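Residue strings, one per chain:
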Amino acid sequence: MDDNKVAVLLEDLRAQFRFFGEGLDGLRNELKELRNDTNRRLDNLENKVTNLSMEFKTFQVNNKQEHEQLIQAIKETDTEVRELKRIK
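Rules used throughout
Residues numbered from 1 in each chain as written. Predicted model: local features only at pLDDT ≥ 70, side-chain atom pairs only at ≥ 80, totals over all residues. Heavy atoms only, no water. Helix = DSSP H or I, 4+ residues; strand = E, 2+ residues; numbered from the N terminus. Rg over C-alpha atoms; globule rule 2.2 N^0.38 Å. Buried < 20%, exposed > 50% of the residue type's maximum accessible area, 1.4 Å probe, protein only. Areas by Shrake-Rupley, 256 points an atom, 1.4 Å probe, with all protein chains shown as cover. Lys, Arg positive; Asp, Glu negative; His and termini not counted. Charge placed at Lys NZ, Arg CZ, Asp CG, Glu CD. Patch = residues over 30% accessible without salt bridge, like charges linked within 9 Å, V, L, I, M, F, W, Y side chains within 5 Å. Salt bridge = Lys/Arg side-chain N within 4 Å of Asp/Glu carboxyl O.

S.K.: Would you take a moment to explain the overall build of the protein for this structure?
M.R.: Each helix and strand in the protein was counted, giving one helix and zero strands. Since a compact globule built from 88 residues should have a radius of gyration of about 12 Å, the 37 Å found for the protein marks it as more spread out than a globular shape. Over its C-alpha atoms, taken along the principal directions, the protein stretches across nearly 125 × 20 × 10 Å. When burial is assessed residue by residue, the protein has 0% of its 88 residues classed as buried. On the protein, roughly 8800 Å² of surface is accessible, and the fraction owed to carbon and sulfur atoms is 57%. Counting 16 positive and 18 negative side-chain charges, the protein places the averaged centre of each group 9 Å from the other.

Below, the structure is given as structure tokens:
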């Protein structure tokens, strides 16, 4: 092969590699945007889960208190029923 053909072939390869590199840069930018969007969405989900966890803990505390109040009311009612039965 003569020097002119080699030079043309090398220039063609350089152009193809440049085009390929530009495509990779575009893909890198798209992936970076996708990663940022995914991270933002994951942060939002983490915040929602944290909020739900706190609400659930509050619900558990309230539920426990209401349960204890119901148990106390049942005990008081049972005591009153026994006294009424004793009086009859």
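S.K.: Just checking my understanding: could you explain a nonpolar patch on the surface for this structure?
M.R.: On the surface, Met 1, Val 6, Leu 9, Leu 10, Leu 13 and Phe 17 cluster together to form a nonpolar patch covering roughly 610 Å² of accessible area. When you line up the elements, Met 1 lands in the segment before helix 1 (3-87).

S.K.: Can you help me understand the pattern of salt bridges in this one?
M.R.: Proximity of charged atoms lets side chains of opposite charge pair with each other. Applying the stated criterion across every chain yields a total of four salt bridges. With its nearest N and O atoms 2.7 Å apart, the salt bridge here joins Asp 25 to Arg 28. In this pair, Asp 25 and Arg 28 are both assigned in helix 1, three residues apart and thus about one turn of the helix distant. Given a relative accessible area of 38%, Asp 25 falls into the partly exposed group. The partner of Arg 82 in a salt bridge is Asp 78, and the shortest N-O contact between them spans 2.3 Å.

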